[in-house]
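# Survey of secondary and tertiary structure
Residue strings, one per chain:
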Amino acid sequence: MKSKFILVAMLLASLSFGAAWEQSASVQNIKAAVSSNKPLVVGRNELVVTLKQQNKPIENAVVEVKAFMPAMPGMPAMESRGKAVRQGHGSYKTTVSLDMRGTWQLHIFVTTKEGKKYRLKTSATI
Ligand SMILES: [Cu+2]
């Protein structure tokens, strides 16, 4: 059956990517992929940021992720920050707390080993 084949192909594709959630961000010639192996949940989420500059992995950078939600009626502004740990190959792992459903702004702060600073912006919706 064609539909079964497509389903299996999609399943294999999702397994090979391994990410249940992924977003991208860019600024100047820097590109970031932010992903989670598990679907995002209310609470703590482990995120992997993979950084490239002109398609080469950015190694030995200092990376921090800030997740925040502006104040809403009946809810103060919320913020969570996570310093990321180097995984090699331009990947950095961190954990942020997303303590309510909705759309969180994600800012990725990168300081390269040359001391250049970049901020990349994306978002995460739970
Ligand atoms: Cu909120």
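Please read all numbers here as calculations on a predicted model, not as lab measurements. (Residues numbered from 1 in each chain as written. Predicted model: local features only at pLDDT ≥ 70, side-chain atom pairs only at ≥ 80, totals over all residues. Heavy atoms only, no water.)

### Quick word on the nonpolar core
- With 28 residues, the main nonpolar core has Leu 51, Val 63, Leu 106, Ile 108, Val 110 and Leu 120 as its most contacted residues.
- Of all the secondary structure elements, the ones that give two or more residues to this core are β1 (21-27), β2 (30-36), β3 (43-53), β5 (62-69), β8 (91-98), β9 (103-111) and β10 (117-125).
- Each residue touching Val 110, except ones within four places of it in the same chain, is listed here: Leu 51, Ala 61, Val 62, Val 63, Lys 116, Lys 117, Tyr 118 and Leu 120. (Core = buried A, V, L, I, M, F, W, Y, C linked by side-chain atoms within 4.5 Å. Buried < 20%, exposed > 50% of the residue type's maximum accessible area, 1.4 Å probe, protein only. Helix = DSSP H or I, 4+ residues; strand = E, 2+ residues; numbered from the N terminus. Contact = heavy atoms within 4.5 Å.)

### Some points on the packing of aromatic side chains
- Within the structure shown, the criterion is met by 0 aromatic pairs.
- One cation-aromatic arrangement involves Lys 66 over Phe 68; the distance from NZ or CZ to the ring centre is 4.8 Å. (Phe/Tyr/Trp six-rings, centres within 6.5 Å; stacked < 30°, edge-to-face > 60°. Lys NZ or Arg CZ within 6 Å of the ring centre and 35° of its normal.)

### Considering the sheet that holds strand β6 (residues 78-83)
- Taken in spatial order, the 4 strands make up an open sheet running β6-β5-β9-β10, and their pairing is antiparallel. Of all strands in the sheet, those with a lone pairing partner are β6 and β10, marking the two edges. Within the sheet, the average angular offset between the axes of one strand and its neighbour, ignoring direction, is 20°.
- Here 7 bridges tie β5 to β9, and the two strands are oriented antiparallel to one another. Of the residues in β9, the one forming a bridge with Val 63 is Val 110. (Pairing = 2+ DSSP bridges. Axes fitted to C-alpha atoms, helices over the stretch in contact; angles between N-to-C directions.)

### Structural notes on the pairing of β5
- Where burial is concerned, most of β5 is hidden: 7 out of the 8 residues are buried.
- Both β5 and β6 contribute to a ladder of 6 bridges, which runs antiparallel. The partner of Lys 66 across the bridge, within β6, is Arg 81.

### Examining the coordination of the copper ion
- Protein-derived ligands of the copper ion are Met 69 (SD), Met 75 (SD) and Met 100 (SD), with the metal-ligand distances lying across 2.1 to 2.3 Å.
- When the donor residues of the copper ion are listed from N- to C-terminus, their spacing reads M-x5-M-x24-M.
- For Met 75, a relative accessible area of 11% puts it in the buried group. (Donors = N, O, S within 2.8 Å, 3.2 Å for Na, K, Ca; no water.)

Nothing here speaks to function; it is geometry throughout.
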